[in-house]
Amino acid sequence: MDSLHLGSYTFSSRLILGTGKFSSSSVMLEAVKASGSQLVTVALRRFNREQPEDDLFTPLSAIPGITLMPNTSGASTAAEAVRAARISRELSGSPFIKVEIHPNPQHLMPDSIETYEASKILAKEGFLVMPYIPADPVLAKRLEEAGCASVMPLGSAIGSGQGLATAEMLRIIIRESNIPVIVDAGLRSPSEAALAMEMGCGAVLVNSAVAVAGDPPAMAEAFAEAVAAGHKACRAGIMDKSGMAVATSPLTAFLGPAS
Amino acid sequence: MNTLLPEWLNPAADEARIREMLSPDSRWTLEHLAAQSRAITLRRFGRTMTLYAPLYLSNHCSSGCAYCGFASDRTTPRRRLEQEEIRKELAAMKRLGISDVLLLTGERTKAADFDYLRTSVATAAADMQRVTVEAFPMSVAEYRELAEAGCTGITIYQETYDRARYGELHRWGPKKEFLERLDTPSRALEGGIKTAGLGVLLGLADPQEDAIMLYRHLRHLGKTYWRAGLSVSFPRIRPQTGSYQPPFTVSDHLLARMIFAFRIALPDVELVLSTRESPAFRDGMAGLGITRMSIASRTTVGGYTDPESGDQGQFDIFDDRSVEAFCKALREKNIEPVFKNWAHAYNGPSSPETDERAPENVNTWN
């Protein structure tokens, strides 16, 4: 069984789960368990050391076999993200940091410039940097050069459920990348996650689609199965699409038989 | 003095839909709007509700708003909290689980001036995760100082966009200046405040017209200050000292319609509902569009440490349920109450140009 490698970490599951938007932390924990995810992201702003009932970090860290990846959601500049990453590492002990910088809290689109700056600094400080980025092939390569552990381009806007709206750019990023490409944001259904994996993604990150499903643990499981199937298919080699019919009167008959 | 209204308050090309949604006799039934609003809220914000509570720092005031219990001609005893008292109030709020506080004052007075407010923000930011302010209009430079002291958001209501009504209601004091107030959110965002909360006091003027103007204001701010976080509140006039009778009544149906229309027209903005509203209305609206609610509120100065304090608040609270009771009601609706949805690391002015790229101090409290 091949695994996902991020830094010195190895994961057999290729589904990363987000932990926001759930109706309760108990439902969220059930979904995490059902997903079989081994890497789970949690926002620093949802760490609450003063009020256990409101805290997402402590109950997540109690699940065996889970590595936590704090994220900087809420940061609007590189400086804030760097500060948040350092605090997250102190509090969680995890070397992973998902760099999320959205200067506009409305549409939550990642700021490429600030994300690049923060990622460069954090990679130098030894973090396993997982930047959430627009589906920009050049930025992805720049972040790889800066020492990131992966790149996490968006499939579509966070919480939009628009699926792989950026598919063409994602194909280029995947083709050119030497680090795992993890599609983050926009996935609505397991079939879209499977498609991302068939395209060659290293993993996918899902949050809203599970959190707001009628039965989040069951949906988490469905995503896990779809991700595994998509990855297996990619490894097995998917047959080429060929919509082309062959002309009955050959166009190249004039060339004569090949010698 | 230029007394012309700014151009962005003119009718915009993209407002036909919200105007239609706001009208009770349109083809958009309330049920239709509710279903769309709920779906958008669920996708964008999930099954959560962010909670905050107000802290009245001072009820000194220099303005004569006809509808307000703190207007300067009321006989309400005046008081401001000293820093030690603020710390005590914050401690009492923290015991309730609150980590997101809205600091309030009246219009600028000697008793509660800018220095007092800035000091109070710093006091609150040392204790609370998120500090926002609803006080008096300030200059860009003052807003920057406030942001540096740890204030991440301001709330400033125009109260009404009907200029003639505005003139009648704001009888004296600095708040009399309609255009000055209109420009305040812009100055705050320019000064590096990250979020601006807008609203009209429903009942002062034609509610639908006010809602349209509010929508124009929000669109203008969103396009001009692209980093800005925006929120909208929907306060209806509540009984208060001075027993002002509002000329317009805003029914539960109309208020619900407004909230749904704003959610659909502005899918990403925070929509806020306070304890002015009844428990039944608040519970009903949770999950249908509202994403931020106040809890366990006291609208008196010093109300958290001395709940029996005899002085009268700015307005009467309708939803006076305890934190536990309110959270239980949310959970029964499958919505998670979220007390902490912010981190100290994200405090500070919004524009990155002035930021240092690699801060050295790691030991900031989360």
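Residues numbered from 1 in each chain as written. Chains lettered and ligands numbered in written order. Predicted model: local features only at pLDDT ≥ 70, side-chain atom pairs only at ≥ 80, totals over all residues.

J.: Is there a simple way to think about the packing of helix α1 (residues 25-35) of chain A against helix α9 (residues 216-236) of chain A in this case?
T.: How two helices sit against one another is set out by the angle between their axes and by the gap between those axes. Residue and element names in this part refer to chain A. Between α1 and α9, the least distance of the axes is 8 Å, while the angle of their chain directions is 25°. The pairing of α1 with α9 is recorded here as roughly parallel in orientation. Along this stretch, α1 crosses α9, giving a crossing that reads as right-handed. Within the contact between the two elements, α1 uses Val-27, Glu-30, Ala-31, Ala-34 and Ser-35 and α9 uses Pro-216, Pro-217, Ala-220, Glu-221, Phe-223 and Ala-224. Broken down by class, the residue content of the contact of α1 with α9 amounts to eight nonpolar, one polar and two charged. (Axes fitted to C-alpha atoms, helices over the stretch in contact; angles between N-to-C directions. Helix = DSSP H or I, 4+ residues; strand = E, 2+ residues; numbered from the N terminus. Parallel < 35°, antiparallel > 145°, perpendicular 65-115°, else oblique. Left-handed = near helix turned anticlockwise from the far one by under 90°. Contact = placed C-beta atoms within 7 Å. Nonpolar A, V, L, I, M, F, W, Y, C, P; charged D, E, K, R; others polar.)

J.: Would you mind going over the nonpolar core with me for this structure?
T.: As a rule of thumb, nonpolar side chains are buried together in soluble globular proteins. All names here are of chain B. Core analysis: the biggest nonpolar cluster contains 97 residues, and Val-101 and Leu-103 have the highest contact counts within it. When residues in this core are grouped by element, the largest group, seven residues, is from helix α10 (residues 252-265). Setting aside chain neighbours within four positions, we find Val-101 in contact with Tyr-52, Ala-53, Leu-55, Met-93, Ala-124, Met-128 and Val-131. (Core = buried A, V, L, I, M, F, W, Y, C linked by C-beta atoms within 7 Å. Buried ≥ 20, exposed ≤ 12 C-beta atoms within 10 Å, placed from the backbone.)

J.: What is the right way to look at the interface of chain A and chain B in this model?
T.: When the parts of a complex come together, some accessible area is lost, and that lost area is often taken as the interface size. Between chain A and chain B, the contact holds 39 residues from the first and 37 residues from the second. For the side of chain A that touches chain B, the element with the most residues is helix α3 (residues 78-92) of chain A, which contributes nine residues. A breakdown of the residues in the side of chain A that touches chain B according to their chemical character gives 15 nonpolar, 15 polar and nine charged.

J.: Please explain α3 of chain A as it appears in this structure.
T.: Owing to its 3.6 residues per turn, the α-helix aligns residues three or four sequence positions apart on the same side. All names here are of chain A. For α3, built from 15 residues, the straight-helix expectation of 21 Å at 1.5 Å per residue is met to within 8% by its first-to-last C-alpha distance of 20 Å. Buried residues dominate α3, accounting for twelve of its 15 residues. Restricting attention to buried positions, one finds in α3 the residues Ala-78, Ala-79, Glu-80, Ala-81, Val-82, Arg-83, Ala-84, Ala-85, Arg-86, Ile-87, Ser-88 and Ser-92. Close packing links the buried residues of α3 with α2 (57-61), β5 (67-71), β6 (96-99) and α4 (112-124). At the exit of α3 stands Gly-93, carrying a positive phi of roughly 75°. (Expected span 1.5 Å × (residues − 1).)

J.: So what exactly am I meant to see when it comes to the environment of His-60 of chain B here?
T.: Its location among the elements puts His-60 of chain B in the loop between β1 (48-56) and α3 (83-95). Sequence separation of His-60 of chain B and Arg-78 of chain B is 18 residues, and the distance between their C-alpha atoms is 5.6 Å.

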